[in-house]
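Each chain, written out:
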Amino acid sequence: MKILLIEDEKEISNSIKSYLKSNDIICEVTHKVQDALEKIASYEYDCILLDLMLPDGNGFEVLKTLKRLNKSDGIIIISAIESLDTRLEGFNLGADDFLTKPFHLSELLVRIHSLIRRKNFNGNNLIKFNEIEIDFFAKTVSVNDIKIDFTKKEIDLLLYLIGNHKKVLSKSALAEHLSGDMADMLDNHNFVYAHIKNLKKKLNEAGCQDYIKSVYGLGYKWEA
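Quantities reported herein were computed from a predicted structural model and do not represent experimental measurements. (Residues numbered from 1 in each chain as written. Predicted model: local features only at pLDDT ≥ 70, side-chain atom pairs only at ≥ 80, totals over all residues. Heavy atoms only, no water.)

**A closer look at the environment of Ala95**
1) Next: Tracing the sequence through the fold places Ala95 in the loop between helix H4 (84-92) and strand E7 (97-100).
2) Next: Judged by its relative accessible area of 8%, Ala95 falls in the buried class.
3) Next: Those residues in contact with Ala95 that lie beyond four places of it in its chain are Leu63, Ile75, Ile77 and Gly90. (Helix = DSSP H or I, 4+ residues; strand = E, 2+ residues; numbered from the N terminus. Buried < 20%, exposed > 50% of the residue type's maximum accessible area, 1.4 Å probe, protein only. Contact = heavy atoms within 4.5 Å.)

**Notes on the UniProt feature "domain: Response regulatory" (unreviewed entry) in the chain**
1) Next: UniProt records the feature "domain: Response regulatory" (unreviewed entry) for residues 2-116 in the present numbering.
2) Next: The distance separating the terminal C-alpha atoms of residues 2-116 is 11 Å; by composition the span is 47% helix and 24% strand. (UniProt positions renumbered as here; feature names shortened; annotations may be inferred.)

**Here we look at the sheet that holds strand E11 (residues 146-148)**
1) Next: Pairing is antiparallel across the open sheet formed by 4 strands, whose spatial order is E8-E9-E10-E11. The sheet is open, and its two borders are formed by strand E8 (126-129) and E11, each paired with just one other strand. The sheet shows a mean angle of 25° between the axes of neighbouring strands, direction not considered.
2) Next: As paired elements, strand E9 (residues 132-135) and strand E10 (residues 140-143) share 4 bridges and run antiparallel to each other. What sits directly across from Ile132, in E10, is Val143. (Pairing = 2+ DSSP bridges. Axes fitted to C-alpha atoms, helices over the stretch in contact; angles between N-to-C directions.)

**A closer look at a negative patch on the surface**
1) Next: Together, Asp35, Glu38, Asp56 and Glu61 give the surface a local cluster of negative charge.
2) Next: In this fold, Asp35 is placed in helix H2 (residues 33-42). (Patch = residues over 30% accessible without salt bridge, like charges linked within 9 Å, V, L, I, M, F, W, Y side chains within 5 Å. Areas by Shrake-Rupley, 256 points an atom, 1.4 Å probe, with all protein chains shown as cover. Salt bridge = Lys/Arg side-chain N within 4 Å of Asp/Glu carboxyl O. Lys, Arg positive; Asp, Glu negative; His and termini not counted. Charge placed at Lys NZ, Arg CZ, Asp CG, Glu CD.)

**Structural notes on the nonpolar core**
1) Next: Judged by nonpolar contacts, the single largest core of 48 residues is most densely connected at Leu49, Ile112, Ile132, Leu203 and Trp222.
2) Next: Here this core takes 7 residues from helix H6 (residues 152-163), the largest share from any one element.
3) Next: With near-sequence residues (within four places) excluded, Leu49 lies in contact with Ile3, Leu4, Leu5, Ile6, Ile16, Leu20, Ile76, Ile78, Leu108 and Ile112.
4) Next: Membership of the second largest hydrophobic core comes to 21 residues, among which are Leu37, Leu50, Leu63 and Phe98. (Core = buried A, V, L, I, M, F, W, Y, C linked by side-chain atoms within 4.5 Å.)

**Re the packing of aromatic side chains**
1) Next: Scanning all chains against the criterion turns up 4 aromatic pairs.
2) Next: Considering the side-chain rings of Phe129 and Tyr211, the 5.0 Å spacing of their centres and the 85° angle between planes classify their relative orientation as edge-to-face. Here the residue Phe129 occupies a position in strand E8, and Tyr211 occupies one in the loop between helix H8 (190-205) and strand E13 (212-215), the gap between them amounting to 82 residues.
3) Next: Taking relative accessible area as the criterion, Phe129 reaches 13% and is therefore assigned buried.
4) Next: Each residue in the set Phe129, Tyr211 and Trp222 is aromatic and connected to the rest through ring pairs, giving one cluster.
5) Next: Looking at Arg117, its charged tip hangs above the ring of Phe136, at a distance of 5.9 Å from the centre.
6) Next: Directly above the ring of Phe136 sits Lys139, whose terminal nitrogen or CZ lies 4.6 Å from the centroid. (Phe/Tyr/Trp six-rings, centres within 6.5 Å; stacked < 30°, edge-to-face > 60°. Lys NZ or Arg CZ within 6 Å of the ring centre and 35° of its normal.)

**As for the sheet that holds strand E6 (residues 74-79)**
Adjacent strands of a sheet pair through backbone hydrogen bonds, lying either parallel or antiparallel.
1) Next: Judged by pairing direction, the sheet is parallel, and its 5 strands sit side by side in the order E2-E1-E3-E6-E7 without closing on themselves. At either end of the open sheet lies a strand with only one pairing partner, and these are strand E2 (26-30) and E7. With strand direction ignored, the average angle separating the axes of adjacent strands in the sheet is 20°.
2) Next: Pairing geometry for E6 and E7, over 4 bridges, is parallel. By the bridge assignment, Ile76 is partnered in E7 with Asp97.
3) Next: Relative to E2, helix H1 (residues 10-22) is tilted by about 165°, and along the sheet it contacts strand E1 (2-6), E2, strand E3 (47-50) and E6.

**Overview of the packing of H6 against H8**
1) Next: Remark: H6 packs on H8, axes separated minimally by 10 Å, with the N-to-C direction vectors making an angle of 85°. By the angle class used here, H6 and H8 are roughly perpendicular. In this structure, H6 uses Lys153, Glu154, Leu157, Leu158 and Leu161 to contact H8, whose residues at the interface are His195, Ile196, Asn198, Leu199, Lys202 and Leu203.
2) Next: Considering only residue class, the contact of H6 with H8 consists of 6 nonpolar, 2 polar and 3 charged. (Parallel < 35°, antiparallel > 145°, perpendicular 65-115°, else oblique. Nonpolar A, V, L, I, M, F, W, Y, C, P; charged D, E, K, R; others polar.)

Shown next as structure tokens:
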């Protein structure tokens, strides 16, 4: 899972990033509207955590840009502004949730998970695809009711593929999802091939159909 945190208070952003990392979530941080807009134009995120009061502008500018670009990233506003008008404007501009500061990090995590489930898996905690069943919270995978040993990265990759059923995902998109903006610093994306290969091997050995299709010159897609 890859998150973009747009928050100018360093203590808050460091605390959120550290907590999400401890829960195996990649969290990129930016402190200004302009930097956020550049990242949003270049990358896809599972969820964006958006503060409204930023040093070079208003968080609503980010929401307007997302709407104009027709982006589907989930958005949770995190703000100390509690007025009804502010909340309504946020929702009208496309925000999915609104969390008032201060908040418990455990509640933020629950809301992130809930948003991802709503957007990608119809709100289900158990994600099923034919013979495959994934427990979203326990992070376990079963094939034909038999639990299979997967790494956290492999489960994350499996969820990403199933959540984008029938969509072609480029190696760079998969690399960004698994590594965040660190992917730009890598010489190549061979690690994506290694994760795909291991995932396919484990699924096939468990008696699973071959759902991961290689699309020559483009990447991979999940398809029955």
